[in-house]
Amino acid sequence: MSLRQPIDALDKACLAATRAPWSSFAPTWKLDLSGDLDVTLFQRALDWTVARTPWAAASIIDGEWVVPDAPRLIIEQSPTEQPIVDRFIDVSRQPVLEVVFVSTGERAGTLLFHQHHALADGRAFLEFLGDFFTALAAAEQGASMSPLPEGIVPRRRQAEVITERGLGRLIAFLRGAWVSLSELAAAVLRPVRPLPSNTGTNYEGENRTLHLDVPHSRLERWREPRKKLALTANDLLAGALLKALSRWSPAAGEHSLLFPIDVRPREHFRSFANHLSNLQLRWTADATRSVLDQARVINAATTKQVSARLPWLRVLFDGLMARLTPLSVLQRALLDQRRLVTNFSFSNLLPLGTPGADASGRWRTTRCQLERLRITTPCVPPQAVNLTVARSGDVACFNFNFKETAVTEASVAVLRQLFVESLDELDATL
């Protein structure tokens, strides 16, 4: 009998960004590999990983996740990566994940994991990739493929991250309603000013990315100075981003920055699903303000919201609203009406590391190793640019994702360079 499970509220929200043929909200994890790259071994490892996480081979049919009786994904091969990054995933007719190998040299290639975002968030997918490399190491040693002793990785509901019960749960729901409705009221009464990435209207072009590698040791050198300043690494990186955006945009007035937040309980909560909430921060563009001052703005706002547990409080109310709203209404709001609520999104995956990696933070087996982990995350209107960053061996890879028909590559290159200059300012200051 196949596994079936109703889609959750966040699954539905991700599906709202899906419209054939141009919009498939599907990030692509690009694993640049070197060594003895054997697609047959990759397939054995993928078979093992999917046996443990069968939801990766599921489709979404009539509002339900449906896993076939014998879940399996077949690795394709392609001469280039761009067609895969742009390929529309029809979730009702095919699995929500596809894996493609692109050979780039005699002992080099890129393994692409193209997943609809409804499938999983960054933490869950990094754990999936860690399992894949564990399986690949076993396959190279000729071990038999079978799920790990703990069995199938579950797909848990978003509401399970809220542990309160009874009256406490009701209070959390009501406080979350106040948080979300207040934020909506602010968006209507105090609309944000657009950045250059919010003015384009054509989102039918390619999903592109300009990557920036920053040595991880450089970020580590900030550790002691930032501790003395009571700032986090995320504060500093977001401060650098705000300084860059302030110099990039001529628009005065308020803007907003969104941080996706993992709301899983910190212990005993393994789940292959989306468990995200967010922090939405208001900020004012000011090219004269230092990166450190911008970091302090970020710290003050995030500390206040996290201390009040606002991202967690809004889970129950936001989930109910998503469940009650028809998918067609969500799609029209997101893809057609395009109200500007969030100017820019910054997803920092660095704290998640690379599960199952060696001491250097690199996935490696006896026959191959990861040289670079890149990510292309499609942009959703009216955000034609977003930024993600993840650990890639001994570097942090910043991914400036953009929709080429809504903002020019030259403009995004300017933003990337301004971000580089902001990091240089941090080095000089710290």
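Quick caveat: nothing in here was measured; it's all calculated off a predicted structure.

## As for the side chain of Thr28
For Thr28, the location among the structural elements is in strand E2 (residues 28-35). Once residues lying within four places of it in the same chain are set aside, the contact partners of Thr28 are Val85, Leu112, Phe113, His114, Arg374, Ile375 and Thr376.

## Section: the nonpolar core
General note: in soluble globular proteins, nonpolar side chains tend to be found buried as a group. Trp29, Leu31, Phe113 and Phe272 are the most contacted members of the largest nonpolar core, which has 56 residues in total. For this core, the secondary-structure elements that each account for two or more residues are helix H1 (9-15), E2, helix H2 (39-52), strand E4 (64-67), strand E6 (97-105), strand E7 (108-115), helix H4 (122-140) and strand E12 (368-376). The element that contributes the greatest number of residues to this core is H4, accounting for 10 residues. Filtering out sequence-adjacent residues up to four positions away, Leu31 remains in contact with Gly109, Thr110, Leu111, Phe113, Leu129, Phe133, Leu370, Arg372 and Leu373. Counting residues in hydrophobic clusters, the runner-up holds 55 residues, among them Ala244, Phe259, Trp283 and Phe402.

## Some words on the pattern of salt bridges
For the structure shown, the criterion picks out 35 salt bridges. A salt bridge links Glu404 to Arg208; its shortest N-O distance comes to 3.5 Å. Here the residue Glu404 occupies a position in the loop between strand E14 (395-403) and helix H12 (409-429), and Arg208 occupies one in strand E8 (residues 207-215), the gap between them amounting to 196 residues. Residues Glu409 and Arg208 are paired through a salt bridge, measuring 2.7 Å at the closest nitrogen-oxygen approach.

## Considerations on a nonpolar patch on the surface
On the surface, Leu167, Leu170, Ile171 and Leu174 cluster together into a nonpolar patch covering about 400 Å² of accessible area. Tracing the backbone through its elements, the reader meets Leu167 in helix H5 (residues 167-189).

## Considering the sheet that holds E4
One open sheet holds the three strands; their spatial order is E1-E4-E3, and the pairing between them is antiparallel. Across the chains shown, the open sheet's two edge strands, defined by having one partner strand only, are strand E1 (3-6) and strand E3 (59-61). Here the average twist between neighbouring strands, direction ignored, is 30 degrees. Bridge analysis of E1 against E4 gives four bridges, and the strand direction is antiparallel. Along E4, the bridge assignment pairs Leu3 with Val67.

## Thoughts on the pairing of strand E11 (residues 344-348)
Within E11, five of the five residues are buried, which leaves it mostly tucked inside the rest of the structure. Side chains Phe344, Phe346 and Asn348 of E11 all project onto a buried face; the interleaved residues Ser345 and Ser347 project onto the opposite face, where all are buried too. Across two bridges, strand E9 (residues 254-262) lies against E11 in parallel orientation. Bridge assignment links Leu257 to a residue of E11, and that residue is Phe344. Examined bridge by bridge, E11 and strand E13 (residues 385-392) share three bridges and lie parallel to one another. Of the residues in E13, the one forming a bridge with Asn348 is Val389.

## Regarding H12
The end-to-end C-alpha distance of H12 is 30 Å, a good match for the 30 Å that 21 residues give at a rise of 1.5 Å each. Where H12 is concerned, the buried positions are Ser411, Val412, Leu415, Leu418, Phe419, Ser422, Leu423 and Leu426. Around the axis of H12, the buried residues are gathered within 150 degrees of arc, so they sit on the same side. Turned more than 90 degrees off the buried face of H12, the exposed positions are Ala410 and Ala428.

## Brief notes about unusual backbone geometry
With an omega dihedral of 0 degrees, the bond running from Ala20 to Pro21 counts as a cis peptide bond. Here Pro21 lies in the loop between H1 and E2. Here the residue pair Pro381 and Pro382 is connected by a cis peptide bond, since its omega of 0 degrees sits within 30 degrees of zero. For Pro382, the position within the fold is in the loop between E12 and E13. Backbone geometry places Ala230, a non-glycine residue, at a positive phi of 60 degrees. On the basis of relative accessible area, Ala230 is assigned to the exposed category, the value being 57%. With a phi angle near 55 degrees, Arg338 is a residue other than glycine that sits in the positive phi range. Looking at where Arg338 falls in the secondary structure, it is placed in the loop between helix H11 (327-337) and E11.

Here is what the cut-offs are and how they apply
- Residues numbered from 1 in each chain as written.
- Predicted model: local features only at pLDDT ≥ 70, side-chain atom pairs only at ≥ 80, totals over all residues.
- Heavy atoms only, no water.
- Helix = DSSP H or I, 4+ residues; strand = E, 2+ residues; numbered from the N terminus.
- Contact = heavy atoms within 4.5 Å.
- Core = buried A, V, L, I, M, F, W, Y, C linked by side-chain atoms within 4.5 Å.
- Buried < 20%, exposed > 50% of the residue type's maximum accessible area, 1.4 Å probe, protein only.
- Salt bridge = Lys/Arg side-chain N within 4 Å of Asp/Glu carboxyl O.
- Patch = residues over 30% accessible without salt bridge, like charges linked within 9 Å, V, L, I, M, F, W, Y side chains within 5 Å.
- Areas by Shrake-Rupley, 256 points an atom, 1.4 Å probe, with all protein chains shown as cover.
- Pairing = 2+ DSSP bridges.
- Axes fitted to C-alpha atoms, helices over the stretch in contact; angles between N-to-C directions.
- Expected span 1.5 Å × (residues − 1).
- Arc of directions from axis to C-beta.

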